[in-house]
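Close look at the chain arrangement
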Amino acid sequence: MIPRYSRPEMVSIWEPATKFRIWYEIEAHACDAMADLGVIPRENADAVWKAKDVEFDVARIDEIEAVTKHDVIAFLTHLAEHVGSEEARFVHQGMTSSDVLDTCFNVQLVRAADILIKDLEGLLAALKRRAYEHKDTVRIGRSHGIHAEPTTMGLTFARFYAEMDRNLSRMRDARAEIATGAISGAVGTFANIDPAVEEHVCDKLGLVPEPISTQVIPRDRHAAFFATLGVIASSIENVAIEIRHMQRTEVLEGAEFFSMGQKGSSAMPHKKNPVLTENLTGLARMVRAAVIPAMENVALWHERDISHSSVERMIGPDATITLDFALARLTGVIDKMLIFPDNMLENMNKFPGLVMSQRVLLALTQAGVSREDAYTFVQRNALKVWEHRTDFKQELLNDPDVVKALSPEQIEEKFDLGYHTKHVDTIFARVFGE
């Protein structure tokens, strides 16, 4: 992943040095287990741990791989250079490359999941704070991009909180599903290695043994993991799109923070563009791009092939690094986001009173007017407001059919904003549990 959209903690998980360190730990723990079983001499297992403080030479491993054309063999050869050929002769006993590769990959995904879980928790804290801050800040709700009925800015933040809270649960589930390891040998039958070795290695690495592997860990687990990343990315875009809408010049109900010295356009000095949320929309597309390849990796030939390998070498780092960056960026946007309550009220009153049409419709039906006639009465007055920017309440008061069914006081009462916010506390209690 390019540095522009990367954060160091997540990047470090995918660095070659980290990968080789995990490979080493898998092999060393396996040797310990085999020594406990009496399969290999204890002194050979102990000798492997002489390399515990070694910083493996990535360039040297690459040099060996250029000859062997096999990355695991290249690593084992390099390990023997540190441990000694005689001492290392039992390393990888009864194991196959996928035991190392797949178990390592899942360790990396678990570590990545831990960072993403922490990211989501930070985003949730920011959304909750802004939700309570603007719980009663009235704005117009929209459907199809058109004014609908009043809501509050707090409810907007609250629904994003609820969505991200579901994503946190999904991410925790995905972590649990991917936290398996396999040390089961060729085609997964344990013919040349005891299942106790797998149990020991998994325990040391914080994994659980895969119930049944072939020569690889089943890729439906990985498909579910990357699908979860894709859903989270889509939720990020959902929030970003709303902020981008709010920052439009003719709306301007909210906006990204614009820092001192920031420039919006190389050509037009007046511009304040929603560059961060537009960037988040793009990053979400890149995370979702990993989902279909992960799904296609599920179908492998027989007990294994390596068609999945090249895919995972790319989507593992790219998707997790990108999503980590995107979650951190969105948290920053929410934390610093500017809110303009006066503009919200001005926008809601752009067509005076029009957003109260449903209340009037319902009042007319309750007063004995048929729904068809009530709809006709309300719509004909609403269309006047659309066309001439007149006041909806006044149009209703001037309509003989309406005032025949409703008194002026009853019509006036239907324009109370508080009617639309009376259940905000109930919704907040459902979302935040308070």
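Note: the structure precedes this text.
A few points on the structure. None of these values were measured; they are calculated from a predicted model. (Residues numbered from 1 in each chain as written. Predicted model: local features only at pLDDT ≥ 70, side-chain atom pairs only at ≥ 80, totals over all residues. Heavy atoms only, no water.)

**Some points on the environment of L205**
Examined against the element boundaries, L205 turns out to sit in helix 8 (residues 195-205). Sequence separation of L205 and I22 is 183 residues, and the distance between their C-alpha atoms is 8.9 Å. Look past the residues within four positions of L205 in its chain and what remains in contact with it is E25, I26, H29, T103 and V107. (Helix = DSSP H or I, 4+ residues; strand = E, 2+ residues; numbered from the N terminus. Contact = heavy atoms within 4.5 Å.)

**Focus on unusual backbone geometry**
Even without a glycine there, the phi angle at H92 is positive, about 75°. Mapping H92 onto the fold places it in the loop between helix 5 (71-83) and helix 6 (97-133). Located in the positive-phi region is V187, a residue other than glycine, with phi close to 55°. By the secondary structure assignment, V187 is in the loop between strand 3 (180-181) and helix 8. Given a relative accessible area of 38%, V187 falls into the partly exposed group. (Buried < 20%, exposed > 50% of the residue type's maximum accessible area, 1.4 Å probe, protein only.)

**Re the packing of aromatic side chains**
As enumerated under the stated definition, the model contains 15 aromatic pairs in all. Relative to F56, the ring of Y24 lies with its centre 5.5 Å away and its plane at 55°, an arrangement referred to as tilted. Taken as a pair, Y24 in helix 2 (residues 16-36) and F56 in the loop between helix 3 (42-48) and helix 4 (58-68) lie far apart in primary sequence, 32 residues in all. Classification of F56 by relative accessible area gives buried; the value is 7%. One aromatic cluster is present, built from ring pairs that chain together F20, W23, Y24, W49, F56 and F75. Sitting above the plane of the Y419 ring, R359 keeps its charged end 3.5 Å from the centroid. (Phe/Tyr/Trp six-rings, centres within 6.5 Å; stacked < 30°, edge-to-face > 60°. Lys NZ or Arg CZ within 6 Å of the ring centre and 35° of its normal.)

**Points about the packing of helix 9 (residues 220-246) against helix 12 (residues 307-336)**
One way to put it is that helix 9 packs onto helix 12 with a least axis distance of 10 Å and a crossing angle of 30°. Judged by the angle between their axes, helix 9 and helix 12 are roughly parallel. Handedness of the crossing formed by helix 9 with helix 12: left-handed. Contacts between helix 9 and helix 12 involve H222, F225, F226, L229, I232, A233, I236, V239 and I243 from the former and E312, I315, G316, A319, T320, L323, A326, L327, L330, V333 and I334 from the latter. (Axes fitted to C-alpha atoms, helices over the stretch in contact; angles between N-to-C directions. Parallel < 35°, antiparallel > 145°, perpendicular 65-115°, else oblique. Left-handed = near helix turned anticlockwise from the far one by under 90°.)

**Regarding the pattern of salt bridges**
Taken as a whole, this structure holds 31 salt bridges when the rule is applied. When the shortest N-O distance is used, the salt bridge between D36 and R42 registers 2.6 Å. Classification of D36 by relative accessible area gives exposed; the value is 58%. The partner of D71 in a salt bridge is R313, and the shortest N-O contact between them spans 2.9 Å. Placement of the pair is D71 in helix 5 and R313 in helix 12, with a sequence separation of 242 residues. (Salt bridge = Lys/Arg side-chain N within 4 Å of Asp/Glu carboxyl O.)

**Thoughts on the environment of F257**
Tracing the chain through its elements places F257 in the loop between strand 5 (254-255) and helix 10 (275-288). By relative accessible area, F257 is classed as partly exposed at 40%. Note: C-alpha distance between F257 and L276 (19 residues apart in sequence) is 9.7 Å. In this view, F257 contacts Q262, K336 and L338; residues no more than four positions away in its chain are not counted.

**Comments concerning the packing of helix 2 against helix 5**
Close contact between helix 2 and helix 5 brings their axes to 11 Å; oriented N to C, the two are set at 75°. With respect to their mutual orientation, helix 2 and helix 5 come out roughly perpendicular. Residue-level contacts link F20, W23, Y24 and E27 of helix 2 to D71, V72, F75, L76 and L79 of helix 5. Its residues assigned to classes, the contact of helix 2 with helix 5 shows seven nonpolar, no polar and two charged. (Nonpolar A, V, L, I, M, F, W, Y, C, P; charged D, E, K, R; others polar.)

**What about helix 13 (residues 341-348)?**
Looking at helix 13, one finds that the buried residues are M344, N347 and M348. Angular distribution of buried residues about the axis of helix 13 spans 100°; they occupy a single face of the element. Within helix 13, the exposed residues directed more than 90 degrees away from the buried face are D342 and E346. Of the surrounding elements, those touching the buried residues of helix 13 are strand 1 (138-143), strand 2 (146-152), helix 7 (153-178) and strand 6 (338-339). (Arc of directions from axis to C-beta.)

**Details of the pairing of strand 2**
For strand 1 and strand 2, the ladder comprises five bridges, and the chain directions are antiparallel. By the bridge assignment, R142 is partnered in strand 2 with H147. Counted along the chain from strand 1 to the antiparallel partner strand 2, the turn is two residues long, and its residue H144 has a positive phi close to 60°. (Pairing = 2+ DSSP bridges.)

**Examining the nonpolar core**
Ranked by internal contacts, the top residues of the largest apolar core, which has 104 residues, are M171 and F226. The element best represented in this core is helix 6, accounting for 17 residues. In terms of nonpolar packing, the next biggest core, distinct from the first, is built from 23 residues, V355, V360, F377 and L396 among them. (Core = buried A, V, L, I, M, F, W, Y, C linked by side-chain atoms within 4.5 Å.)

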